[in-house]
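# Breakdown of the fold
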Amino acid sequence: MTLEFSGSTALVTGATAGIGRGVALRLAALGAEVVVHGRDPERGARVVAEAGAAGGRARFVSADLSDPGDVLRLAEAAGAVDVLVNNAGIYRFAGTPDTTAEMFDVHMAVNARAPLLLVGALVPGMAARGRGAVVGVSTLAASSPTRGAAAYGASKAALELMTRVWADEFGARGVRVNAVAAGPVHTPGTAEIGGDVLATVARNTVLGRVAEVDEVVEAIVFLASDRAGYITGAVLDVFGGRPAIG
Ligand SMILES: NC(=O)c1ccc[n+]([C@@H]2O[C@H](COP(=O)([O-])OP(=O)(O)OC[C@H]3O[C@@H](n4cnc5c(N)ncnc54)[C@H](OP(=O)(O)O)[C@@H]3O)[C@@H](O)[C@H]2O)c1
């Protein structure tokens, strides 16, 4: 049986948990051969086993994306891919006086520099083969001022801007580059920061609720697919709507 992603290979960063795990499992179920990336080998092995149990093909590669050498090693280990999902990300909330240089730097390193290095290492191959899709995972906090999220929002705003640059840089050679700006989503990461932050963000959306992982996965997989063949340089809002003033 031919599935939508049959014959394609995909690298999904941060695929050991949350949104990335959901994307990896969906792509594997749709026929892609998936490189599941994360840091934690136990979590990675579980996702690989889940993908296999559902009839998909996956393997795990570990790398710490705050280390540029490790990012390049990941790209090398992934090899030629048709789909790159820059999902891995960190979000730590603090007021500006409590935002240290280390905290700012690690947000920029994981959320912006790692995607840049992966695009630089993997997308020229896609362009040479004449096809490929890149999807970044951004946030509502990149475009709406969000309390305590100066460093986080800035790192994702950088990702959104680079998305548009990459779309221009590689579009003529058959590679589409887009992003999804997610709102509050129930994931292991947000469970750790506690329900208050999620509930506060959810109150500031039109739909007024927290999203489930699958609702964001759906949008990412769509942008990675040929169904989105005429879409590039777009940031798709998947955050429950921005309320009007008044
Ligand atoms: N959840 C939300 O409400 C929400 C909203 C908007 C945007 N987003 C964005 O969506 C993405 C996924 O969020 P999530 O909530 O699903 O995440 P999560 O549950 O916290 O999982 C994070 C994933 O990223 C990996 N990761 C984190 N730091 C890493 C590092 N330094 N090196 C390598 N891998 C690293 C983790 O791997 P290990 O566990 O193996 O270390 C894990 O697979 C992020 O980019 C986030 O900013 C999330």
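Structure first, text after, so check above.
Every chain is numbered on its own, with residues counted from 1 as its sequence reads. Totals for whole chains, interfaces and linings use all residues, but because this is a predicted model, local features are given only for residues with pLDDT of at least 70 and pairs of side-chain atoms are given and counted only at 80 or more. For the side-chain quantities, the full set of heavy atoms in the structure was used; hydrogens and water were omitted.

So, on to the overall build of the chain. Scanning the chain for helices and strands turns up eight helices and seven strands. Every radius of gyration here is taken over C-alpha atoms, with the globule rule written as 2.2 Å times N^0.38, N being the number of residues. Against the 2.2 N^0.38 benchmark of 18 Å for 246 residues, the chain shows a C-alpha radius of gyration of 17 Å, consistent with a compact globule. In terms of its C-alpha atoms, the chain occupies a principal-axis envelope of roughly 50 × 40 × 35 Å. At a minimum sequence separation of 6, the contacts of the chain that also span at least 24 residues come to 72%. Each accessible area is a Shrake-Rupley result for a 1.4 Å probe, and residues are judged covered by the shown protein chains and nothing else. Put simply, the chain shows about 11,300 Å² of open surface, and 56% of that area lies on carbon and sulfur atoms. A run of DSSP states H or I qualifies as a helix once it reaches four residues; a run of E qualifies as a strand once it reaches two. Both are numbered from the N-terminal end. Contact between two residues is taken to exist if any of their heavy atoms lie within 4.5 Å; hydrogens are not considered.

Here we take up the layout of surface pockets. Empty space among the atoms becomes visible once a probe the size of a water molecule is rolled across them. A volume near 1,100 Å³ is recorded for the largest pocket. Lining the largest pocket are 45 residues, with Ala88, Gly89, Ile90, Tyr91 and Gly189 sitting closest to its centre. Of all the secondary structure elements, the ones that give two or more residues to the lining of the largest pocket are helix 1 (18-29), strand 2 (33-38), helix 4 (101-129), strand 5 (132-139), helix 5 (150-171), helix 6 (188-193) and helix 7 (195-203). Polar here means any residue outside two lists: the nonpolar Ala, Val, Leu, Ile, Met, Phe, Trp, Tyr, Cys and Pro, and the charged Asp, Glu, Lys and Arg; Gly therefore counts as polar. Of the residues contributing to the lining of the largest pocket, the split by class is 22 nonpolar, 16 polar and seven charged. Cavities and pockets are found on a 1 Å grid laid over the protein atoms alone: a cavity is a set of points where a 1.4 Å probe fits but cannot escape, a pocket is an open set with protein on both sides within 12 Å along at least five of seven lines, and a lining residue has an atom within 4 Å of such a point. Around the second largest pocket, the lining comprises 15 residues; the ones closest to its centre are Pro145, Thr146, Arg147, Thr200 and Asn204. Here the residues of the lining of the second largest pocket sort into seven nonpolar, six polar and two charged. Grid points are joined across faces, edges and corners, and a volume is the space filled by probe spheres set on the points.

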